[in-house]
Structure formats: C-alpha cells, structure tokens
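# Overview (structure and organization)
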Amino acid sequence: MTAASGVSKRLLALLFTVVTLVVAGVSALPSCNGPPDKTCFADRVHALGADEDAGPDRDCTTCLQTRNAPKACCDAVGACDEDPTNECTPSFQAAHRCVIDGGPSEEARCKGLLTNDRSKNLYACMRGNCGPECGIPSCDLDPAVILFANPSCDGCMGGSCCDKINACYRSRPCKLALECITKNCTRTLGASMTRLGLAPPELRAAARDAVCAGRIPEGIEGPGACLERCLDDFAPGDGGTADDQGARCLAFDVYACGAEASCGPKCVRPDAGPYSGEGEWPEDAPDASADDASSPRDAGSD
C-alpha cells in the first residue's frame, strides 16, 4: 500500500466520522416545523428598551427571539412589528410597562391595554415562554382556589402570591386552613397582614418560625386569633404530624407573601356586602387576641 493511498483512507475515515457526528447531532435536536415566517426584532416591541448592553432588556429580547427556536415568539413579534394599523406595538408596550410598574397583582388590569389580537397573541407568547426574563408573571392560579376575602384582595393575592398559593393547594391541610381563613377571618385578615408587612424582615422570619412550630410569635403581633384557629384546626403544630407542620408553614408563607406585597389594605372587608361570609367567629373580632381565643371558641363553632 502506497503512502498516498494510506493518507486517502485516513481522510475518508475522518470524513465518515465527521458526517456521523453531524447526523447524530442533528437527530438529537428537538423536532421543529421550519424557520419563522416573520422577521423578528423583539427590541422594537417590548417595553424594556434596548439601550444597555446587558440586563433584563437583553434577556427579554434574546428570549423572545430564541426560546423554543426556531419558532419561538418570532412570528408574534414580527406580526406586531408589521401591524398595518400601528396599534400593536404601542398597546403591547403600554401593557408590558404597566405590569412591570404595577407588579403581578395589576396584570389583569394591564392586559386591558392590549387593543388587538396581535398584541394579545404576543403577550400570551411572552408570558408563556419568557415571563421571568421580561419581568412579568408566568404562573397561572389553580382554578380551584376560592375567592380570597373580596375581589380586590383576591386580585392582589392571586397576582402576587400565585406560586405560593398553588403550593398550598397541593397540600390538603394547607388548602383547608387557607380556605378557612378566607371564609371566616375577613374582619381581621387585612389589618393583620398590614401589620406584618410593616414589620422588619427579621421579625417576619421569627414569626414564621414560631407559627410553623405552633407557638405564638414573640416581639411581633402574630397572625391573630382567627387565623391561628384555622391553622390549629386543620394543620396543628402542637401534637400534629410533620405534614401538618409543613402545611402550617405553607399557609403562613401565603399570608406573609400577601403582607409583603402590600395586599393588606385591599383585604380589609367592606362593612357590608356579599363577600363577608356566613356568620362571624368571635376570634375574628378586631380586638380578639390569641390569649383569649380559647374562651369564645366553643361558642363560635356553631
């Protein structure tokens, strides 16, 4: 065998190896249905701007153009950018900016700024694929979650604490405790959350530790007699199981999330109306405390 033929065989073997690796790599890629139909310039349509070289604006642009490529949200971006009515981009940017400024609890209101199907389709694509990168919520509240105190409170809690509420609803004791609170503690819930939200972070953390263990928090006003009754009934900390203690923590996390999101003022029950619940618990009186919760408890159980 000549030296030339040996080199040729080695080159053919190398070429075969390269082709095999390329084919294997292509076959490992996710299946797709072709390239985007539209030209995609996401920085033209979202509300984060494209002035800086890095940061959330770059993350949002990159995600809209590449997440779940090759389609991603490119067609929706392109359709918005090419809207002949020129309505899509300004309305989409207004809605996007509204959510960024107002927070997740304002999303439902902000989506009202989307004026046509192109802007609505782009928002839905962004929310489903690039929520964290674009600064908008990506959590959908479990439809089984009942009304939280009143519509205003429900919107704030559902928008700000979606993940925590969904986690609670995956635990039956937590679900029952949370529903007990929303049905029976409407008079004291808002004020209690407001007080907790104004407390320093270290006191909120100490309150969580105490509630999880079934103790009354020290150095801060706890969740109140009514909330504690619901926790004790459905997720007892004293004598309960490890699952019960976990459920108490999950329920308190929902309550604390609402407090930190400033939902307290929105969760104050109106003086009258259809959202005040059936009957009233003595523990839900504004001046009730954990120390005297045991005395009226039997009287309020009917």
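Note that the structure is a prediction, hence the values are computed from the model and not measured.

So, how was this worked out
- Along every chain, residues carry numbers that run from 1 in the direction the sequence is written.
- Whole-chain, interface and lining totals are the exception, using all residues; otherwise, since this is a predicted model, local features are given only for residues with pLDDT of at least 70 and side-chain atom pairs are given and counted only at 80 or more.
- Processing note: side-chain calculations cover all non-hydrogen atoms of the structure and skip hydrogens and water entirely.
- Helix and strand assignments come from DSSP, with helices taken as H or I runs of at least 4 residues and strands as E runs of at least 2, each series counted from the N terminus.
- Throughout this description, buried means an accessible area under 20% of the type-specific maximum (1.4 Å probe, protein chains only), exposed means over 50%, and partly exposed covers the range between.
- Only the protein chains shown count as cover for residues, with accessible areas throughout obtained via the Shrake-Rupley method and a probe of 1.4 Å.
- By convention in this document, the label disulfide applies to cysteine sulfur atom pairs within 2.5 Å.
- Only centres within 6.5 Å qualify two rings of Phe, Tyr or Trp (six-membered ring in Trp) as a pair; their planes then separate them into stacked at under 30 degrees, edge-to-face at over 60, and tilted for everything else.
- Pairs of N or O atoms are called polar contacts if they sit within 3.5 Å, as long as, within protein, a hydrogen donor faces a hydrogen acceptor (for residues adjacent in sequence, only side-chain-to-side-chain pairs).
- Two residues form a contact once any of their heavy atoms are found within 4.5 Å.
- For a helix, the expected span equals 1.5 Å multiplied by the number of residues minus one.
- pLDDT runs from 0 to 100 and stands for how confident the predictor is about each residue.
- The axes are straight lines fitted to the C-alpha atoms, using for helices just the contacting stretch, and the angles between their N-to-C directions are given from 0 to 180°.
- Under this scheme an angle from 65 to 115 degrees is roughly perpendicular, one under 35 degrees roughly parallel, and one over 145 degrees roughly antiparallel; angles in between are oblique.
- Helix crossings fall into two classes, left-handed where the near helix is turned counterclockwise from the far one by less than a right angle and right-handed where it is turned clockwise.
- In the scheme used here, Gly and all other residues not listed as nonpolar or charged are polar, with Ala, Val, Leu, Ile, Met, Phe, Trp, Tyr, Cys and Pro taken as nonpolar and Asp, Glu, Lys and Arg as charged.
- Residues grouped as a nonpolar core are buried Ala, Val, Leu, Ile, Met, Phe, Trp, Tyr and Cys residues, joined through side-chain atoms within 4.5 Å.
- One side-chain nitrogen of Lys or Arg within 4 Å of one carboxyl oxygen of Asp or Glu is enough to make a salt bridge.

Scanning the protein chain from N- to C-terminus turns up 14 helices and zero strands. Helices (α) and strands (β) of the protein chain occur, in sequence order from the N terminus, as α-α-α-α-α-α-α-α-α-α-α-α-α-α. Buried positions account for 40% of the 302 residues belonging to the protein chain. Working note: accessible area of the protein chain is about 16000 Å², and carbon and sulfur atoms make up 54% of it.

A few words now on the state of the cysteines. Per the counting criterion, the structure on display carries 13 disulfides. With a sulfur-sulfur separation of 2.0 Å, C60 is cross-linked through a disulfide to C134. Measuring the twist about the S-S bond at about 95 degrees, one finds the C60-C134 disulfide to be right-handed. Of this pair, C60 sits in helix α2 (residues 56-66) while C134 sits in helix α6 (residues 117-134), and the two are 74 residues apart along the sequence. Just as C60 is buried, C134 falls in that class too.

Another aspect to go through is the packing of aromatic side chains. Applying the stated rule across the entire model yields two aromatic pairs. Note on F92 and Y123: the rings are 6.5 Å apart at their centroids and 65 degrees apart in plane angle, and the pair reads as edge-to-face. Placement of F92 in helix α4 (residues 88-102) and of Y123 in helix α6 is noted, with a sequence separation of 31 residues between them. One exposure class covers both F92 and Y123, and it is buried.

Once that is clear, we can look at the side chain of S119. Inspection of the secondary structure puts S119 in helix α6. Judged by its relative accessible area of 0%, S119 is buried. Looking at S119, its side chain comes within polar contact range of the main-chain nitrogen of T115, at 3.4 Å. Ignoring any residue separated from it by four or fewer positions in sequence, one finds S119 in contact with C88, S91, F92 and L114.

An α-helix turns once every 3.6 residues. As a result, residues three or four positions apart point the same way. Look at helix α13 (residues 242-260): 27 Å from first C-alpha to last across 19 residues, which is about the 27 Å you get at 1.5 Å a residue. The N-terminus of α13 is capped by T241, whose side-chain oxygen sits 3.3 Å from the backbone nitrogen of D243. The positive-phi residue at the C-terminal boundary of α13 is S262, with phi of around 60 degrees.

Attention shifts here to the confidence of the model for the protein chain. Do not read the predicted coordinates in detail wherever pLDDT is low. In the predicted model, the protein chain carries a mean pLDDT of 77, and the fraction of residues at 70 or more is 68%. In the model of the protein chain, helix α14 (residues 294-297) stands out as the element of lowest mean pLDDT, 41, in contrast to helix α8 (residues 162-169), which has the highest, 95. Residue range residues 293-302 is modelled with pLDDT below 50. Its contacts to residues more than four positions away, or to other chains, number 11 contacts.

What follows concerns the environment of G131. Along the polypeptide, G131 turns up in helix α6. For G131, the residues in contact, after removing those within four places along its chain, are M126, I136 and S138.

In this section: the environment of L64. Following the sequence through the fold, L64 ends up in helix α2. The buried category is assigned to L64, whose relative accessible area is 0%. Note: C-alpha distance between L64 and C74 (10 residues apart in sequence) is 6.7 Å.

α6 packs onto helix α3 (residues 74-81) with a crossing angle of 150 degrees between their chain directions and a minimal axis gap of 9 Å. Here α3 lies roughly antiparallel to α6, going by the angle between them. Here α3 and α6 pass one another in a crossing that is left-handed. The residues of α6 that touch α3, namely those facing A76, V77, A79 and C80, are R118, N121 and L122. The class makeup of the residues in the contact of α3 with α6 is five nonpolar, one polar and one charged.

Next up on the list: the nonpolar core. As a rule of thumb, nonpolar side chains are buried together in soluble globular proteins. Counting residues in hydrophobic clusters, the biggest one holds 36 residues, and the most contacted among them are M157, I165, L189 and M193. Counting only elements with at least two residues in this core, the list comes to α7 (151-160), α8, α9 (172-184), α10 (189-198), α11 (201-212), α12 (225-234) and α13. Here this core gets eight residues from one element, more than from any other, and that element is α13.

Another aspect to go through is the pattern of salt bridges. Across all of its chains, the model carries 10 salt bridges by this definition. In this structure, E107 engages R127 in a salt bridge whose closest nitrogen and oxygen atoms are separated by 2.7 Å. Separated by 20 residues along the polypeptide, E107 in helix α5 (residues 107-110) and R127 in helix α6 bring together distant segments of the chain. Residue classification places R127 among the buried residues on the basis of a relative accessible area of 15%. A salt bridge links R127 to D140, with the nearest nitrogen and oxygen atoms 2.8 Å apart. In this pair, R127 is assigned in helix α6 and D140 in the loop between α6 and α7, connecting sequence segments 13 residues apart. Sharing partners across several salt bridges, the network here consists of E106, R109 and K266.

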